[in-house]
Amino acid sequence: MIKTASDIRSSFPILRREVNGKPLVYFDNAASSQKPIQVINAIDNYYRNHHANIHRGVHALSQEATMMYEDARLAVAEFINAESASEIIFTRGATEGINLVAQTLGRQILNEGDEILVTFMEHHSNLVPWQMIAQEKGAVIKAVEVTEDGQLDQESFKNLLSKRTKIFAVGHVSNTLGTINPVKEMAHAAHQVGAYVVIDGAQSTPHLKVDVQNIDADFYAASGHKMYGPTGIGFLYGKKNLLNTIPPYHGGGEMISRVSIEKSTYAELPFKFEGGTPNMAGAIGLHAAIDFIRETDIQHISDVEERLENKLTNALKNIEGIRLIGTAPEKAGVVSFLVDGVSAYDVGVILDQLGIAVRTGHHCTEPLMDRYGIRGTIRASFAVYNTEEEVEIMVNALNRALKMLS
Ligand code: 7TS
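Residues numbered from 1 in each chain as written. Predicted model: local features only at pLDDT ≥ 70, side-chain atom pairs only at ≥ 80, totals over all residues. Heavy atoms only, no water.

Brief notes about the overall build of the protein
Note the cut-off: Numbering goes from the N terminus for both helices and strands, where a helix is a DSSP run of H or I of at least four residues and a strand is a run of E of at least two. As defined in this context, the radius of gyration uses C-alpha atoms, and a globule is described by 2.2 Å times the residue total to the power 0.38. Relative accessibility thresholds used throughout: buried, under 20% of the residue-type maximum; exposed, over 50%; partly exposed, between the two (1.4 Å probe, protein chains only). Contact definition: two residues touch when any of their heavy atoms are within 4.5 Å. Neither His nor the chain ends contribute to the count of charged residues, in which Lys and Arg are positive and Asp and Glu negative. By convention, charge coordinates are those of NZ in Lys, CZ in Arg, CG in Asp, or CD in Glu.
When helices and strands are tallied, the protein shows 14 helices and 17 strands. Taking 22 Å as the expected radius of gyration for a compact globule of 406 residues, we find that the protein reaches 22 Å, a close match to that expectation. Dimensions of the protein, computed from the C-alpha atoms along their principal axes, are close to 70 × 55 × 35 Å. Here the protein, with 406 residues, has 56% of them falling under the buried criterion. Contacts in the protein between residues far apart in sequence, at least 24 positions, make up 72% of those at least 6 positions apart. The average position of the 37 basic charges and that of the 48 acidic charges among the side chains of the protein differ by 3 Å.

Structure (structure tokens):
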């Protein structure tokens, strides 16, 4: 049964608070979503009743904590349709997942003159890690162009893809434009030239059904905190045969099989990539977030967000001087815009005074800002708990802000 908007909202305690004397309107979900009570309770329950270090204790608490942590891994595997839970590595978030791939796969396969293909709409997290390993290995970064309406230019992609392309790293959904990229088709083309495909799923997992096998992603990284889960936890999916052949990332406890002073052999998947005591509470909270998404229904989440996105986009089109950035036909939950002659930051400050949280700035996508010749945008990004009434509040507030600023 579809949950009502008020059922959904009542699960999020923070939505009851006021900001600057006004009810909170939280439209900064692409940066981080709020947490339902189910997630907060799962973490509370874990610490109150089950906490101990995992994978090494014979005692009851350690076994309980281990089971809860490994159940969370299974939930992630099912959530993105991985073939096996051993293909899921818990990380701190998407950033760490991408760094892991760059520092392991990148280090193993890249040689001088090899190319890493990225795109002009990547978040810095899917750019800087590649620059770091490229510099070390003498590899070259190329970037797929973005069309005026905010799609990946498929001509540019075809032209840049070649036998020299060893890695293609692309975001599934753009955090600044909202564009849903055709990652399945692009992964297929990249595989044809023998490249590995690394997908940044930080903005897709909260909004759409992700199927890593259907996409045929070699690696897929995401962050828990953007999908109603806690901070400090995320996951990296990797195909089993690839995870087995690349070297480990962090050395330490938990990730070894046998250690002598000179050398070590490494643990089986996925433990080979999880050196040190992991974030058990985070993984358990993420499991609760996945359950929340499943119960709420991801299609319902997409539908609600699409309605809000269309409503705000249409309202903005009626305000003079607004320039929308990112108007691709396939979008997920993000509306970015600018106002002629008005600083995005000033608009953000006035909206905050009226209780409305939006983000202003370059959203960690500076090459994309350069592409549009702008310094930043005002970005509203939605979650399933947002309402049409909140969009109306924002549009009224924006009209007030623009009167004050012009
Ligand atoms: N990739 C994309 C597409 C993102 O949007 C973000 C964070 C990241 C990677 C990094 O995620 P992290 O959890 O590892 O930090 N995006 C944003 C944003 O749009 N505003 O604040 C953070």
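So, next bit.
Digging into the site of the ligand
What counts here: In this text, near means that some heavy atom of the residue lies within 4 Å of the molecule or strand in question. Side-chain atoms alone can form a polar contact between residues adjacent in sequence; in general such a contact is a pair of N or O atoms within 3.5 Å, and within protein one must be able to donate a hydrogen while the other accepts it. Areas reported here follow the Shrake-Rupley algorithm with a probe of radius 1.4 Å; residue values treat only the protein chains shown as occluding. Throughout this entry, Asp, Glu, Lys and Arg are counted as charged residues, while Ala, Val, Leu, Ile, Met, Phe, Trp, Tyr, Cys and Pro are counted as nonpolar. The remaining residues, Gly among them, count as polar.
By nearness alone, 15 residues border the ligand, and T95, D200, S223, K226 and R379 come closest of all. Separating a nitrogen atom of the ligand from a side-chain N or O atom of D200 is a distance of 2.5 Å. Within the side chain of Q203, an N or O atom sits 2.7 Å from an oxygen atom of the ligand. Coverage of the ligand by the protein amounts to 85% of the 490 Å² it exposes when considered alone. Tallied by class, residues from the shell around the ligand come to four nonpolar, seven polar and four charged.

Describing the sheet that holds strand 17 (residues 377-381)
What counts is decided by this rule: Each pair of strands is called paired provided DSSP finds at least two bridges between the two strands. Here, axes are lines fitted to C-alpha atoms. For helices the fit covers the stretch in contact, and angles between N-to-C directions go from 0 to 180 degrees.
Read from one edge of the open sheet, four strands run 13-14-17-16, paired in antiparallel fashion. Looking along the sheet, the strands with just one partner apiece sit at the ends: strand 13 (322-325) and strand 16 (359-361). If you compare each strand with its neighbour and ignore which way they point, the axes differ by 30° on average. Of the strand pairs in this sheet, strand 13 and strand 14 (residues 334-339) are connected by four bridges, and their pairing is antiparallel. Bridge assignment links L324 to a residue of strand 14, and that residue is F337.

Some points on the sheet that holds strand 7 (residues 165-171)
Sheets are built from strands that pair by backbone hydrogen bonding, the pairs being arranged parallel or antiparallel. Ordered in space as 4-10-9-8-7-5-6, the seven strands form an open sheet in which the pairing is mixed. With partners counted over all chains shown, the strands left at the sheet margins are strand 4 (88-91) and strand 6 (140-144), one partner each. The average angle at which neighbouring strand axes cross in this sheet is 20°, direction not considered. With three bridges joining them, strand 5 (residues 115-119) and strand 7 adopt parallel strand pairing. Bridge pairing in strand 7 places L117 opposite F168.

What about the packing of aromatic side chains?
For the record, the criterion: Any two rings among Phe, Tyr and Trp, with Trp reduced to its six-membered ring, count as a pair given centres within 6.5 Å; such a pair is stacked if its planes are under 30 degrees apart, edge-to-face if over 60, and tilted if neither.
Scanning the model with the defined rule gives nine aromatic pairs in all. A centroid spacing of 4.9 Å and a plane angle of 40° characterise the contact between F157 and F168, whose relative ring orientation is tilted. Of this pair, F157 sits in helix 6 (residues 154-160) while F168 sits in strand 7, and the two are eleven residues apart along the sequence. Note on accessibility: F157 and F168 belong to one class, buried.

That's the geometry; what it means functionally is another story.
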